[in-house]
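# Coordinates in review
The chain contents come next:
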Amino acid sequence: MADDVRPFGELFAEPTRNGLTRPKAVRGIGVKMVNMGELFAYPRLRNAPMDRVPLNESEAERFLVNKGDLLFARQSLVLEGAGKCSLFLKDDEPVTFESHVTRVRLDPRKADPHFYFYYLQSPHGRAAIRSIVEQGAGASGIRGSDLATLNVQWRAVEEQRAIAHILGTLDDKIELN
């Protein structure tokens, strides 16, 4: 049903997670890390160049990104940047994410991440994100707990996949050109 609205958190496979903090002094070797720069430069992340950070086995279990993960900017100097969403498509090696990024992993039985990536780029989705943005002194931000309560449009998963396939195919052609 087109007018079905659900809390975004009902579609999560696991709770939201904020990324790792790594000082600049230890960067340069290790696992690729999605920073705010990549989030804003690549709406659909695929084999992007990134800084590298050391990551131990325990951290890898909790902080690696998977195909289809949605990554949100937790903070931004401008209102429109807070809650900016990127979709992790793939990489040829493991990738983690930094502390200014929140990861949302959707349950594939309930939601297609590509559909929600496009939904959150739409005027309706951006308005929903703006409704949870908190403006502070010099920066705007969102919390993962607020993402979970965000009301989003919901459709049957098969319909989500069909819509996402059409939009993804168009984006693929645009990138190719």
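Everything discussed here concerns the structure shown above.
Report on the accompanying structure.

What counts, and where the lines are drawn
- Residues numbered from 1 in each chain as written.
- Predicted model: local features only at pLDDT ≥ 70, side-chain atom pairs only at ≥ 80, totals over all residues.
- Heavy atoms only, no water.
- Buried < 20%, exposed > 50% of the residue type's maximum accessible area, 1.4 Å probe, protein only.
- Helix = DSSP H or I, 4+ residues; strand = E, 2+ residues; numbered from the N terminus.
- Pairing = 2+ DSSP bridges.
- Arc of directions from axis to C-beta.
- Contact = heavy atoms within 4.5 Å.
- Core = buried A, V, L, I, M, F, W, Y, C linked by side-chain atoms within 4.5 Å.
- Polar contact = N/O pair within 3.5 Å; in protein donor to acceptor, adjacent residues only side chain to side chain.
- Phe/Tyr/Trp six-rings, centres within 6.5 Å; stacked < 30°, edge-to-face > 60°.
- Lys NZ or Arg CZ within 6 Å of the ring centre and 35° of its normal.
- Axes fitted to C-alpha atoms, helices over the stretch in contact; angles between N-to-C directions.
- Parallel < 35°, antiparallel > 145°, perpendicular 65-115°, else oblique.
- Nonpolar A, V, L, I, M, F, W, Y, C, P; charged D, E, K, R; others polar.

## Quick word on the pairing of strand β8 (residues 85-90)
The buried count for β8 comes to five of six residues, which makes it a mostly enclosed element. By the bridge criterion, three bridges tie strand β4 (residues 44-46) to β8 in an arrangement that is parallel. In the strand pairing of β8, Arg46 is matched with Lys90. With three bridges connecting them, strand β6 (residues 70-73) and β8 associate as antiparallel partners. Residue Phe72 lies in a different strand from β8, and its bridge partner there is Cys85.

## With respect to helix α4 (residues 123-130)
Side chains three or four residues apart in an α-helix point the same way, a direct result of the helix having 3.6 residues per turn. All buried positions along α4 are accounted for by Gly125, Arg126, Ala128 and Ile129. For α4, the angular spread of buried residues about the axis comes to 155°, placing them on one side. Taken together, the buried residues of α4 touch β6, α3 (113-121), α5 (144-149) and β13 (151-154).

## Thoughts on the nonpolar core
Nonpolar side chains in soluble globular proteins generally cluster together in the buried interior. If you look at the biggest cluster of nonpolar residues, it comprises 28 residues, and the most contacted ones within it are Phe8, Leu70, Phe72, Leu106, Tyr116 and Leu150. Elements with a minimum of two residues in this core: β6, β8, α3, α4 and β13. With six residues, α3 is the largest single contributor of residues to this core. Beyond its immediate chain neighbours, meaning those up to four positions away, Leu150 contacts Arg6, Pro7, Phe8, Leu120, Ala128, Ile129, Ser131 and Ile132.

## Section: α3
Among the nine residues in α3, seven count as buried, and that is most of the element. Among the structural elements, β4, β6, β8, α4, β13 and α6 (157-176) are those in contact with the buried residues of α3. Two to three positions downstream of the cap, the backbone nitrogen of His114 sits 2.9 Å from a side-chain oxygen, assigning the N-cap of α3 to Asp112.

## Quick word on the side chain of Asp107
Mapping Asp107 onto the fold places it in the loop between β10 (101-104) and α3. There is a polar contact of 2.7 Å between the side chain of Asp107 and the side chain of Arg109. In contact with Asp107, other than residues within four places in its own chain, are Leu11, Phe12 and Ala13.

## Observations regarding the packing of aromatic side chains
What characterises a pair of aromatic rings is the spacing of the ring centres plus the angle enclosed by the ring planes. Counted by the stated rule, this structure contains six aromatic pairs. Relative to Phe97, the ring of Phe63 lies with its centre 6.2 Å away and its plane at 55°, an arrangement referred to as tilted. Taken together, the positions of Phe63 in helix α2 (residues 57-63) and Phe97 in strand β9 (residues 95-97) put the pair 34 residues apart, joining distant regions of the chain. Among the residues examined, Phe97 registers a relative accessible area of 0% and is labelled buried. Measuring from centroid to centroid gives 5.0 Å for Phe117 and Tyr118, while their planes differ by 65°, and the two rings are edge-to-face. Taken as a pair, Phe117 and Tyr118 share a single burial class, namely buried. The cationic tip of Arg6 hangs over the ring face of Trp154; the distance from NZ or CZ to the ring centre is 3.7 Å. Its end group placed over the ring of Phe63, Arg17 keeps NZ or CZ at 5.2 Å from the ring centre.

## Quick look at the packing of α3 against α4
α4 packs onto α3 with a crossing angle of 80° between their chain directions and a minimal axis gap of 4 Å. As the angle between them shows, α3 and α4 are arranged roughly perpendicular. Together, Tyr119, Leu120 and Gln121 of α3 and Pro123, His124, Gly125, Arg126 and Ile129 of α4 make up the contact between the two elements. Of the residues that constitute the contact of α3 with α4, the class distribution is four nonpolar, three polar and one charged.

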